[in-house]
Each structure stands twice: as C-alpha cells, then as structure tokens.
Amino acid sequence: HDFHHEIAYANAAGIFGSIDANAGDDRLGWDVDRFPVSVEQMTLAGGTLATTTGNSLWSGNVNILANSNILVGENATLTLNRTLTGGGSITQLGDGVLILSGSADANSRNAAPSGLNPNHTVQAGILRLDYSTDGSSKLADVGSLTLGGSRLGGALELSGGNHTEIVSATTIGQGSNRVSRLSGTSILRMNAISVGAGSSVDFSANDIASTDTNNTN
C-alpha cells in the first residue's frame, strides 16, 4: 500500500504513533535516513499545519485524511497550489491568508469516507480562492463552509476567473465576516445559510454570491 494508506489504516485502528519525515520510495515511506526532497504529496492526518511569518508555498498535493487545522499567522500567507485530496475537514486559524490556487479533487473530496466531511471553516483570517491559473473548484461541493467563530470573524476572497464555487451549505458564525471579489467574475454559491448569534457578513459587490435561503430580516 501507499504511505498515506498506511497512515489512514493505523489511525483508524487506534495504533497511530509518530512519523519520521524521511524520504524514500513513495510506497515505502518509513525510516530510510534521508531528509525529504520530493514535493509530490503532503498528508494531513489531524493536528495543525502552521506558518507564522512570511510567504510560504507548497507545490505538491495535500491529502487530508482526517480533520485538520491550518494556522496562518498575522501578516503571513500560505499558498497551496496543487490538488486537495481526501475527505477530512479543514479549520483555518490565525489572522493570515490561506490561498488555494490548485483544485479540489472531484472524486476523493466529494466522496468522503464514512465519518468524514470535507468542510472548510474560516474561523479567522482570509481564505482566498484564486482562479487565475486554475479555474476549477477549490472547495468540495458536498462540504459546508463556515465563516467566523472568533471575535474578528473570517473572510473569503474570490480572485480571477469566472467560476461558480459551490458548497453544500454555509454557516455565518460569530464575528464580522466578509465575502469579496478581488478580480474576475467568480461567484460563491452558498446554498442553505444558517446564521449564528453575534454574527454578520458583508458582501462587497452585487452578484457575488447566491443562496437558497430567503432574506427574512
């Protein structure tokens, strides 16, 4: 089996320990006493991927096997410019900017294993969906989107292209949340919207989002 399959199996069986981040054949993956030199794939099997300063770029695929956090610190950016695979959810933390410029794998992200939901929560900071070089979906169609949940709220930015980004449902959580478009004509299809206490959302332009939920204010 591939290395990521071994991680998933061990995690599901409750026997997952720790990993030495060494390199080797992709189907070996264990202790080969060399530092990694390949950018083919990074696996998130829970825990937190963090960058706290500067501009960081990951040019390999990201396989999300379990619900995981991505923390981007204030004034920092993290760009993931390849394919997101796997059925785990992402919770975005920190006040920085997470840029998704690759794509969400239409098979594994939209057919998550039992017990996993490919949701994305922007508890704080900015999630930028960049369609300028890849016009395909960045989020799972069957996963939900949550903006906010912290005092400051979360923001989603659409950049370039003319894509319709679909999520199964949207929750507006605590804080001052925002949906904006930096360039292009892409829109966010939010589908059913639920609104939490102490929450608000600002849409920066007309025709930037659509929903099945009627305005009852």
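Here the structure is a predicted model, which is why all the values come from computation and not from measurement.

*Asks:* Quick one: what's the story with the overall build of the chain, residue by residue and with numbers?
*Replies:* Check the secondary structure of the chain and you find 1 helix and 21 strands. Put simply, the chain has 217 residues, and 40% of those count as buried. In the chain, of all internal contacts separated by at least 6 residues, the share reaching a separation of at least 24 is 51%.

*Asks:* Tell me about the pattern of salt bridges, residues and numbers included.
*Replies:* For the structure on display, the rule yields 2 salt bridges. Here Arg128 ties to Glu157 by a salt bridge, and the two come within 2.8 Å at their closest N and O atoms. Within this pair, whereas Arg128 is found in strand E12 (residues 125–130), its partner Glu157 is found in strand E14 (residues 154–159), the two being separated by 29 residues in sequence. Residue class for Arg128 comes out partly exposed when judged on its relative accessible area of 22%. Taking relative accessible area as the criterion, Glu157 reaches 6% and is therefore assigned buried. Arg178 is paired through a salt bridge with Glu157; the nearest N and O atoms lie 3.7 Å apart. Here Glu157 lies in strand E14 and Arg178 lies in strand E17 (residues 175–183), a separation of 21 residues in the sequence. Taken together, the shared-partner salt bridges in this structure form one network comprising Arg128, Glu157 and Arg178.

*Asks:* Please set out the side chain of Ser68 residue by residue, giving values where relevant.
*Replies:* Along the polypeptide, Ser68 turns up in strand E5 (residues 68–72). In this structure Ser68 comes out as buried when scored by relative accessible area, which is 3%. With near-sequence residues (within four places) excluded, Ser68 lies in contact with Leu44, Ala45, Gly46, Gly47, Ser89, Ile90 and Thr91.

*Asks:* Hey, could you go over the side chain of Glu165 for me, with residue numbers and the actual values?
*Replies:* One can find Glu165 in strand E15 (residues 164–166). No salt bridge is formed by the buried Glu165; the nearest opposite charge belongs to Lys138, separated by 6.5 Å. A polar side-chain atom of Glu165 sits 2.9 Å from the main-chain amide nitrogen of Leu139.

*Asks:* Give me the confidence of the model for the chain: which residues, what numbers.
*Replies:* Residue-level pLDDT values for the chain average 85, and 80% of them are 70 or greater. Scored below 50 in pLDDT, residues 20–24 shows 17 contacts in the model against residues more than four places distant or in partner chains. Here residues 26–37 is modelled with pLDDT under 50, and outside its nearest four sequence neighbours on either side it reaches 26 contacts, counting other chains as well.

*Asks:* Just give me the short version of the sheet that holds strand E7 (residues 83–85), but keep the residues and values in it.
*Replies:* What the 4 strands build is an open sheet, ordered E1-E4-E7-E10; its pairing is parallel. Edge positions in the sheet fall to strand E1 (41–45) and strand E10 (103–104), since each of these pairs with one other strand and no more. Sheet analysis places E7 next to E10, joined by 2 bridges and oriented parallel. If you follow Thr83 over to E10, its bridge partner there is Ser103.

*Asks:* Explain unusual backbone geometry residue by residue, including any values.
*Replies:* You will see that Asn75, though not glycine, has its phi angle at about 70 degrees, which is positive. Inspection of the secondary structure puts Asn75 in the loop between E5 and strand E6 (77–80). Taking relative accessible area as the criterion, Asn75 reaches 72% and is therefore assigned exposed.

*Asks:* Could you give an account of empty space enclosed by the protein, naming the residues involved and the relevant values?
*Replies:* Applying the stated rule across the entire model yields 2 cavities of 30 Å³ or more. Taken as a whole, the largest cavity encloses approximately 50 Å³ of empty space. Taken together, the residues of the lining of the largest cavity break down into 5 nonpolar, 2 polar and 2 charged. The calculated volume of the second largest cavity comes to roughly 30 Å³. Lining of the second largest cavity is provided by Pro118, Asn119, His120, Leu139, Ala140, Gly143, Ser144, Leu145 and Val167.

Analysis parameters
- Residues numbered from 1 in each chain as written.
- Predicted model: local features only at pLDDT ≥ 70, side-chain atom pairs only at ≥ 80, totals over all residues.
- Heavy atoms only, no water.
- Helix = DSSP H or I, 4+ residues; strand = E, 2+ residues; numbered from the N terminus.
- Buried < 20%, exposed > 50% of the residue type's maximum accessible area, 1.4 Å probe, protein only.
- Contact = heavy atoms within 4.5 Å.
- Salt bridge = Lys/Arg side-chain N within 4 Å of Asp/Glu carboxyl O.
- Lys, Arg positive; Asp, Glu negative; His and termini not counted.
- Polar contact = N/O pair within 3.5 Å; in protein donor to acceptor, adjacent residues only side chain to side chain.
- pLDDT = per-residue confidence, 0-100.
- Pairing = 2+ DSSP bridges.
- 1 Å grid on protein atoms, 1.4 Å probe; cavity = no way out; pocket = protein on both sides within 12 Å on 5 of 7 lines; lining within 4 Å.
- Points joined across faces, edges and corners; volume = space filled by probe spheres on them.
- Nonpolar A, V, L, I, M, F, W, Y, C, P; charged D, E, K, R; others polar.

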